[in-house]
Amino acid sequence: MATLGVNIDHVATVRQARRTVEPDPVWAAAAAELGGADAITVHLREDRRHIQDRDLEVLKETVQVKLNLESAITPAMTAIACRVRPDQVTLVPENRAEVTTEGGLDVVGQRLAVTTAVEQLHAAGIVVSLFIDPDPAQIEASADLGVVAIELHTGSYANASADADRDREMQALARAATLTRQAGLTLNAGHGLTYRNVVPVATLDGMHELNIGHSIVARAVFVGMTEAVREMKRLIG
Ligand code: PXP
């Protein structure tokens, strides 16, 4: 049974639309925990477009389940992560113009920068996960760096509209899941997952953690965060 990390970034997106104090992602995290969230995930972006430094600090004090911070591989972000010490840091690529994270981290091409961040985070006692495309070379490079986990980018699967394309992307995820297990890495996945497309990913052999944000927050607008999380937990359990 896969565990659920609830990404609450878009609760902060609504707050930042008015630069006010509500809705508070800290309340969202508590409501998500009541619904059975196994982890709370936030992305403190360099442009601070949704989650703010204060959110991370308060969540570190209040979240009772695992706190997973998505972070770019910059010295400034690594320093914040090492100071706040979330339970897990998921290293992600970041590009200022993007609407959301667009692809996996290039662990092969950016080996030096990724290694530096991983070493500093490990020294601070933080579990590191690398957000990567379902590409054998990226999985191999991640295993070489000694991280505990990887998170497979499910965006291509989630965005595929034709059945044949979705099947092809699912096969790529299944092959990547097998390689991840064989490499002895914990298998996480996320991006673009919804109530409609999550089950095949959740049931991949060895799936440990799914990180899901937009779809849960969108449903929470109508049914409340606790119920939205409960419904997703029912699907993936
Ligand atoms: N995993 C990672 C690494 C992400 O960057 C994001 C988006 O912030 C998610 C999961 C969640 O994606 P979504 O909001 O599409 O569910």
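Numbering of residues starts from 1 in every chain and runs along the sequence as written. The model is predicted, so local features are restricted to residues of pLDDT at least 70 and side-chain atom pairs to those at 80 or more, both for listing and for counting; the totals for chains, interfaces and linings are taken over all residues. Side-chain measures here rest on the full set of heavy atoms in the structure, leaving out hydrogens and waters.

(A) The arrangement of helix α11 (residues 225-236) in detail. The terminal C-alpha atoms of α11, which comprises 12 residues, lie 17 Å apart, in line with the 16 Å expected from a rise of 1.5 Å per residue. For α11, every residue scored as buried is listed here: Met225, Thr226, Ala228, Val229, Glu231, Met232, Lys233 and Ile236. The helix count covers DSSP runs of H or I at least four residues long, the strand count covers runs of E at least two residues long, and both are numbered beginning at the N terminus. For a helix, the expected span equals 1.5 Å multiplied by the number of residues minus one. Exposure categories follow from relative accessible area, calculated using a 1.4 Å probe and restricted to protein chains: below 20% of the type maximum is buried, above 50% is exposed, and the middle band is partly exposed.

(B) Geometry of the packing of helix α4 (residues 75-84) against helix α5 (residues 111-123). Closest axis-to-axis distance for the α4/α5 pair is 9 Å, and the angle between their directions is 15 degrees. Classified by the angle their axes make, α4 and α5 are roughly parallel. Where α4 crosses over α5, the handedness of that crossing is right-handed. Along its contact with α4, which presents Thr78, Ala81 and Cys82, the element α5 presents Ala117, Gln120 and Leu121. Here the contact of α4 with α5 is built from residues that sort into 4 nonpolar, 2 polar and no charged. To define axes, lines are fitted to C-alpha atoms, for helices over the stretch in contact only, and angles between the resulting N-to-C directions are given on a 0 to 180 degree scale. Oblique is the label for any angle not under 35 degrees, not over 145, and not in the 65 to 115 range, which are roughly parallel, roughly antiparallel and roughly perpendicular in turn. For any helix crossing, the convention is left-handed if the near helix is rotated counterclockwise from the far helix by under a right angle, and right-handed if that rotation is clockwise. Two residues form a contact once any of their heavy atoms are found within 4.5 Å. Gly is put with the polar residues, along with every residue not named as nonpolar or charged; the nonpolar set is Ala, Val, Leu, Ile, Met, Phe, Trp, Tyr, Cys and Pro, and the charged set is Asp, Glu, Lys and Arg.

(C) Helix α3 (residues 53-62), seen in detail. For α3, the set of buried residues is Asp55, Leu56 and Leu59. Projection of α3 onto a plane perpendicular to its axis shows the buried side chains occupying an angular sector of 95 degrees, all on one side. Contacts from the buried residues of α3 go to α1 (9-18), α2 (25-34), β2 (39-43), β3 (66-71) and α4. Think of it as the arc spanned by the lines of direction from the helix axis to the C-beta atoms.

(D) Local environment of the environment of Thr178. One can find Thr178 in helix α8 (residues 163-182). As for Thr178 and Arg85, which are separated by 93 residues in sequence, their C-alpha atoms are 31 Å apart.

(E) Molecular detail of a nonpolar patch on the surface. Where nonpolar side chains cluster on the molecular surface, the patch consists of Val221, Phe222 and Val223 and spans about 350 Å² of accessible area. Looking at the secondary structure, you find Val221 in helix α10 (residues 214-223). The patches reported here contain residues having more than 30% relative accessible area and no salt bridge. Joining distances are 9 Å for like charges and 5 Å for nonpolar side chains (Val, Leu, Ile, Met, Phe, Trp, Tyr). To be clear on the numbers: accessible area is Shrake-Rupley with a 1.4 Å probe, and residue cover counts the displayed protein chains and nothing else. Salt bridge criterion: a side-chain nitrogen from Lys or Arg within 4 Å of a carboxyl oxygen from Asp or Glu.

(F) Geometry of the pattern of salt bridges. Overall, the coordinates contain 15 salt bridges when judged by the stated rule. Salt-bridge contacts for Asp38 lead to Lys233; the nearest nitrogen and oxygen are separated by 2.7 Å. In this pair, Asp38 is assigned in the loop between α2 and β2 and Lys233 in helix α11, connecting sequence segments 195 residues apart. For Asp38, a relative accessible area of 29% gives the class partly exposed. Among the salt bridges present, the one from Arg83 reaches Glu57, with a minimum N-O distance of 2.9 Å.

(G) Main features of the packing of α2 against α3. Two numbers describe how α2 lies on α3: the axes approach to 9 Å, and their chain directions differ by 35 degrees. Viewed along their axes, α2 and α3 form a crossing whose handedness is right-handed. Across the interface between the two elements, Pro25, Val26, Ala29 and Glu33 from α2 touch Arg54, Asp55, Val58, Leu59 and Thr62 from α3. A breakdown of the residues in the contact of α2 with α3 according to their chemical character gives 5 nonpolar, 1 polar and 3 charged.

(H) Unusual backbone geometry, seen in detail. Between Glu22 and Pro23 the backbone carries a cis peptide bond, its omega angle lying at 0 degrees. Mapped onto the elements, Pro23 comes out in the loop between α1 and α2.

(I) Looking closely at the packing of aromatic side chains. Two rings belonging to Phe, Tyr or Trp (six-membered ring only in the last case) form a pair when the distance between their centres is within 6.5 Å. Interplanar angles under 30 degrees mark stacking, angles over 60 mark edge-to-face geometry, and anything in between is tilted. This structure, assessed with the given rule, holds 0 aromatic pairs. The criterion is that NZ of a Lys, or CZ of an Arg, lies within 6 Å of the ring centre and within 35 degrees of the ring normal, and then a charge sits over that ring. The lysine or arginine in question, Arg219, covers the ring of Tyr195, its NZ or CZ lying 3.6 Å from the ring centre.

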